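Understanding the architecture of this molecule
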Protein chains: 2
Amino acid sequence: MAGENISRLLSLARKFNVFYLEGLPQRTCRPFVVDGKQVGLIRQDVVKQLVKYPEVFSIKHLEAEGYAGYVELNPAFRDYTERSRTVDKVLRELRELDVFVALRGWRDEFYEVKTKHLALLKMDRSATCLFGVRNYGVDINGYVKHPSRGLCIWLQQRSDTKQTWPGKWDNMVGGGLSVGYGIKETAVKEAAEEASIPEQLTRNLVSAGCVSFFFESERGLFPNTEFVFDLELPTDFVPSNSDGEVQAFELLPAKECYERLFSTDFKTTSCPVVIDFLIRHGVITPENEPNFTQIVELLHVPLQTLYEFDVTRFAENHENGQRNNIPPA
Amino acid sequence: MAGENISRLLSLARKFNVFYLEGLPQRTCRPFVVDGKQVGLIRQDVVKQLVKYPEVFSIKHLEAEGYAGYVELNPAFRDYTERSRTVDKVLRELRELDVFVALRGWRDEFYEVKTKHLALLKMDRSATCLFGVRNYGVDINGYVKHPSRGLCIWLQQRSDTKQTWPGKWDNMVGGGLSVGYGIKETAVKEAAEEASIPEQLTRNLVSAGCVSFFFESERGLFPNTEFVFDLELPTDFVPSNSDGEVQAFELLPAKECYERLFSTDFKTTSCPVVIDFLIRHGVITPENEPNFTQIVELLHVPLQTLYEFDVTRFAENHENGQRNNIPPA
């Protein structure tokens, strides 16, 4: 890409897709397989720790489908409960040993690990990035059609005491989908907790799609899908925090909101939702953004196709003792 | 995918991505290279004809990067004008010979063949599908917030005399980006021609993003990107056609518009724009569509990554006489 003329917005879209664009093509991560299905991707530094728990995780080394083997949760664990309990035990040990930065942010909040339609186990929210498990969240774009300032957007500043991205600017309302909560239900709950938005206003929430991207940080891998809601707010409404997780709210005209994305004070993984909003509402357009189509594609990377590792095909190869590079189907 | 439980909307999204999902993984198409850069993908049936013009097209047969060779426009043609003239001559011959259904729809309208920032040649619009050249178009979702019927959408029925998709239902306004026209400019022009929408209304056009998909038909390959505009119309406005390309307009409540997508009377390649509109406006939601995230991904397939064939790397291989399968970078 040397000498390539790229806009700062495309640079940002590449930054929140750093694993998709740079990590993934190196093919050093291994598919994480549970009950014969791929549910994650595991970095080498994590594999090095999991290898110490052979009764829980099997590390398969042969090359297959362009991967350097895979990691399998012991199939002897028969159900959701047994898998969840065993993995939780290992994670708590690893947390004690303090080998992963990610586990310092232990949440006591479970995320579900699932294939398209089946929940296979749950694990602490802080650990999903170690296993590259797909994460689903909900975000609300709170906006105002201001009579004099035009389209304005509410942002929140995260509390300085938050374990992840403390003090950074973020969407007005956002939260992860936890076990047992629906998507709209999570949006309404988070709107009340984070911004004290009453039910009479969240009744106007408009589902507006989702964004998908694949970020990586020192903590781990973040294959994130965020369900997006728009909420037009009255000009006189001012959000206020109820749960201590937010230290400020600010209403910004669309252009200023756009500029803030490039500040180091903005949470990188919240940029996709803001960019998607600014595109859908005609602020970022193909006329004013030279890399428009590339950016739209990077707001919707094909995560589903990255989680289709076929363990059956690998098994056949293994038995034949071959080291074939089978091109992806 | 046997036994997989998929919604009819996901089936439809797979249908307009039939090449992305089924054709592409077979790897029988060859990159089309102009001036060292990939600008298209060519099917075997087209290669068979191009091989008869060795002074214009070189067919390279060695395997490289998982492809069965590539097709190169003779690098002796030094500039845009010479390339355009030579290719046009071949296309007119092939049209005379009537070897391709696609060329029966000769348009006398040029499309530009370009890399990200550089126009390399132009060719008749009817021929781009033979070379799998990326196509860019513009679409307007005309909608009404009706006091009693709720959100309603204007659709057009294409004229029975159109060369492609005659008589099918389509977006209110749509058109290809031709040489010399801007994106917003094309939208305004098409709105006037196809639906007699006056300038005082098109002033309200809101740029709302783009959709990308990869369709295939007997005519050829369609790697399409459509720039999308929303236009809220007054309840008393009724579109009328000015250029003979439309035979009817109909205003449909959102739910009925959704149902019409599944009719055989709807133009397959116009479905993505309607689905994107219904998602952005909260009609199709993650609560009522079980395959929501997959569908959003299939409205934004990563076309840019399919056009990054590296001819330099192939050349090195060629000289070494190797037949390596180098995994994509």
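Our subject in this report is the structure included herewith. Source: prediction; values computed, not measured.

The interface of chain A with chain B comprises 41 residues on the first partner and 41 residues on the second. Here chain A and chain B share an interface that buries about 3200 Å² over both sides, 57% of which is from carbon and sulfur atoms. Close ionic contact of A:R134 with B:E297 constitutes a salt bridge, the shortest N to O distance being 3.7 Å. Counting across the interface, chain A meets chain B through 8 residue pairs in polar contact (both at pLDDT 80 or more). Listed by contribution, the elements that provide at least two residues to the side of chain A that touches chain B are α6 (183-195), β11 (206-217), β12 (220-232), α9 (271-280) and α10 (292-298) of chain A. A class-by-class count of the residues in the side of chain A that touches chain B yields 19 nonpolar, 14 polar and 8 charged.

This paragraph deals with the sheet that holds strand β4 (residues 70-73) of chain B. To summarise the sheet geometry, strands pair through backbone hydrogen bonds and adopt either a parallel or an antiparallel arrangement. All names here are of chain B. Spatial ordering of the open sheet is given by β2-β1-β4-β3, a layout of 4 strands whose pairing is mixed. What marks the edges here is a single partner per strand, and that holds for β2 (37-42) and β3 (57-60). Between one strand axis and the next, the sheet turns through 25° on average, direction left out of account.

Residue and element names in this part refer to chain A. In spatial order, the strands read β2-β1-β4-β3; together these 4 strands make up an open sheet with mixed pairing. Either end of the sheet is taken by a strand with one partner, and the two such strands are β2 (37-42) and β3 (57-60). Averaged over all adjacent pairs, the angle separating strand axes in this sheet is 25°, with direction ignored.

Below, the discussion takes up the pairing of β12(A). Sheet faces and side chains relate simply in a regular strand, where the side chains alternate between the two faces. All names here are of chain A. Where burial is concerned, most of β12 is hidden: 12 out of the 13 residues are buried. Two strands pair when backbone bridges link them, and β11 and β12 are joined in this way by 11 bridges, in the antiparallel orientation. If you follow E216 over to β12, its bridge partner there is L221. Between β11 and β12, which pair antiparallel and follow one another directly, the connecting turn spans 2 residues.

Cut-offs applied
- Residues numbered from 1 in each chain as written.
- Chains lettered and ligands numbered in written order.
- Predicted model: local features only at pLDDT ≥ 70, side-chain atom pairs only at ≥ 80, totals over all residues.
- Heavy atoms only, no water.
- Contact = heavy atoms within 4.5 Å.
- Buried area = accessible area lost by both parts, 1.4 Å probe.
- Salt bridge = Lys/Arg side-chain N within 4 Å of Asp/Glu carboxyl O.
- Polar contact = N/O pair within 3.5 Å; in protein donor to acceptor, adjacent residues only side chain to side chain.
- Helix = DSSP H or I, 4+ residues; strand = E, 2+ residues; numbered from the N terminus.
- Nonpolar A, V, L, I, M, F, W, Y, C, P; charged D, E, K, R; others polar.
- Pairing = 2+ DSSP bridges.
- Axes fitted to C-alpha atoms, helices over the stretch in contact; angles between N-to-C directions.
- Buried < 20%, exposed > 50% of the residue type's maximum accessible area, 1.4 Å probe, protein only.

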